[in-house]
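Here are the chains, one letter per residue:
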Amino acid sequence: MAGIDIPRETWATRTGFILAAVGSAVGLGNIWRFPFQVGQEGGAAFLLIYLLFIALIGFPAMLVEFVVGRHTERNPVGALKAIAGGAWSYVGWIFIATGFVILSYYSVVAGWTIRYTILGLQDGYLADAGEAEGQFVELASGLDAIFFHALFMAVVIVIVAFGIQRGIELAVKVMVPAIIVITVGMAIYAFTLEGASEAYSYYLSPEWGVIAAEWQSIFPAAAGQAFFTLSLGMGVMITYASYLGEDRNLAEDGAIVIGFDTAIAFITGLIVFPILFTAGVDPADPGAGAIFVSLAAAFGDLALGWIIGAIFFGTVAIAALSSAISLMEVVVSYVVDERNVDRKVAAFGIGIALFLLGLPSAYDLVLLDLFDLFADQILLVLGGLLLMILVSWSLSELAVDELSRGIGDLGSLGPAWIWAVRIPVVVVLIVALVLGILDYYEFLTGPFAEWVGGQ
Ligand code: PFF
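Definitions and cut-offs
Residues numbered from 1 in each chain as written. Predicted model: local features only at pLDDT ≥ 70, side-chain atom pairs only at ≥ 80, totals over all residues. Heavy atoms only, no water. UniProt positions renumbered as here; feature names shortened; annotations may be inferred. Helix = DSSP H or I, 4+ residues; strand = E, 2+ residues; numbered from the N terminus. Buried < 20%, exposed > 50% of the residue type's maximum accessible area, 1.4 Å probe, protein only. Contact = heavy atoms within 4.5 Å. Polar contact = N/O pair within 3.5 Å; in protein donor to acceptor, adjacent residues only side chain to side chain. Near = heavy atom within 4 Å. Areas by Shrake-Rupley, 256 points an atom, 1.4 Å probe, with all protein chains shown as cover. 1 Å grid on protein atoms, 1.4 Å probe; cavity = no way out; pocket = protein on both sides within 12 Å on 5 of 7 lines; lining within 4 Å. Sits in = over half its atoms within 2 Å of the grid points. Axes fitted to C-alpha atoms, helices over the stretch in contact; angles between N-to-C directions. Parallel < 35°, antiparallel > 145°, perpendicular 65-115°, else oblique. Left-handed = near helix turned anticlockwise from the far one by under 90°. Nonpolar A, V, L, I, M, F, W, Y, C, P; charged D, E, K, R; others polar. Salt bridge = Lys/Arg side-chain N within 4 Å of Asp/Glu carboxyl O.

Identification of the chain as Neurotransmitter:Na+ symporter, NSS family from Natronobacterium texcoconense is taken from an unreviewed UniProt entry. UniProt, in the comment section headed Subcellular location (unreviewed entry), describes the chain in these words: "Membrane".

In structure tokens, the structure reads:
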């Protein structure tokens, strides 16, 4: 009821918050996007630059979102109203919009992972790359895709409807340990494969010449990936930190979350590359269909590939689920906090809206790209950039005070953090935004225009 303050929920335990944040961070970004970006951007050289960006850009930026959330105890729109007000509230809106758009197609891709889990168990995977591609095109759009998109969304709705402690916290306590155990197990399995040593040297020994020759594409790709994989720029970390009832060391929590996220991405490389090398697939080859084409075909080639593949795709589905609930929570927390809507009603209504918005992405891959590029390369970067500018330039004192709650006097680390955000983070995001807009323009005038012409 409006006017009566019901106490806001909080995480039951510190582990609960950390697991939820890890669950959000570890998702399709780690398992689907990361290995193939490594493949496309030149192997180990990319890995190195990526790790650098995680530490120098990702870590300070995550702390910014944490302090804003904990300080305001509000959803992204409410948080920006509280710390800055005026036009800055619109930045909160950018976060909500980003979350909404990303989740709409993320759910479609997550639906594919469920479909591919079942595919392995039912029929096994096709070893021929051409046939595997044909199968992917068939399953990725149309009725199949819509059905599994709906199924995935329904699970997300149920978890989020149960709230922070009984829904999200409970779910991640099961899902995140499962993801960790299974990925480590699969990496050990991959170690036994014939192509393993060739794969390791590709993945782990950088060719310095590649960095020199291709830095223009490696740098923005690494920066974008660092932001996406840590769930930054979507309001997730603001929202999750807003449910922290007590003071604790946010820098330590952030380091733990980043450590797990990076470890899982890294280990995924140790799984995917040995499998690809063993099946004789060039890791630079795969494009968007990535794990659903070349990796699926590699599973088709391996002994017991059907079950290994089903375990792999099942794990990806779980990782996608623990990420999707975090994005859903961003939007639900807004409606619950600011509009006084009942959580269950909010989760259901928003879930239906997300399902509908995802339909174009489930209808045609070009439309999925249209949403993905816009949300990921423009909206996400824009929201993140504005928040970083606001906090580091006009609210630095508040930010340092908030970070020191639960840590104690930060000494010179406080200003070091603020300056890391003021210049490196902001500059990287500006460059990423410009490149993102150019890229989107190329997409609109190229593949998208062609698609519209063909309709
Ligand atoms: N960090 C997530 C990932 O790497 O997949 C990013 C994300 C995407 C979070 C979509 C949530 C989400 F729904």
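Peer 1: Lay out the environment of Pro360 with the relevant residues and their values.
Peer 2: Tracing the sequence through the fold places Pro360 in helix H15 (residues 343–363). Take Pro360: its relative accessible area is 28%, and that puts it in the partly exposed class. Remark: the alpha-carbon pair of Pro360 and Leu370, spanning 10 residues in sequence, is separated by 9.7 Å. For Pro360, the contacting residues outside a window of four places in its chain are Leu367 and Phe371.

Peer 1: So what's going on with the side chain of Thr72? Which residues, and what values?
Peer 2: Examined against the element boundaries, Thr72 turns out to sit in helix H3 (residues 44–72). Classification of Thr72 by relative accessible area gives buried; the value is 14%. Reaching out from Thr72, the side chain makes a polar contact with the backbone oxygen of Val68 at a distance of 2.8 Å.

Peer 1: Quick rundown of the site of the ligand? Include the residues and the values.
Peer 2: Taken together, 16 residues lie near the ligand, and Ala25, Gly29, Tyr106, Thr229 and Ser231 sit nearest. In this structure, Asn30 approaches the ligand through a side-chain N or O atom, which is 3.4 Å from an oxygen atom. One of the side-chain nitrogen or oxygen atoms of Tyr106 is found 2.7 Å away from an oxygen atom of the ligand. Burial of the ligand by the surrounding chains reaches 100%, relative to a free accessible area of 340 Å². Applying the majority rule of atoms within 2 Å of the grid points places the ligand in the largest cavity. Of all the secondary structure elements, the ones that give two or more residues to the shell around the ligand are helix H1 (14–25), helix H2 (28–40), helix H5 (89–122), helix H10 (208–229) and helix H14 (305–339).

Peer 1: Any details on the packing of helix H16 (residues 365–394) against helix H18 (residues 413–454)? Residues and values, ideally.
Peer 2: It is the contact of H16 with H18, at a shortest axis distance of 8 Å, that shows an interaxial angle of 160°. With respect to H18, the element H16 is oriented roughly antiparallel. Handedness of the H16/H18 crossing: left-handed. Partitioned by chemical class, the residues of the contact of H16 with H18 number 29 nonpolar, 4 polar and 3 charged.

Peer 1: So what's going on with the packing of helix H7 (residues 143–161) against H15? Residues and values would help.
Peer 2: Direction vectors running N to C along H7 and H15 enclose 160°, while the axes themselves pass 9 Å from each other. Between H7 and H15, the angle falls in the class roughly antiparallel. Crossing geometry of H7 relative to H15 is assigned as right-handed. Across the interface between the two elements, Ala145, Ile146, His149, Ala150, Met153, Ile157, Val160 and Ala161 of H7 pack against Arg343, Lys344, Ala347, Phe348, Gly351, Ile352, Leu354, Phe355, Gly358, Leu359 and Ala362 of H15. Taken together, the residues of the contact of H7 with H15 sort by class into 14 nonpolar, 3 polar and 2 charged.

Peer 1: Let's hear about the pattern of salt bridges: which residues, and what values?
Peer 2: Counted under the stated rule, the structure contains 13 salt bridges. When the shortest N-O distance is used, the salt bridge between Arg14 and Asp253 registers 2.5 Å. Here Arg14, found in helix H1, pairs with Asp253, found in helix H12 (residues 250–278); they are 239 residues apart in sequence, far enough to count as distant. Judged by relative accessible area, which is 33%, Arg14 ranks as partly exposed.

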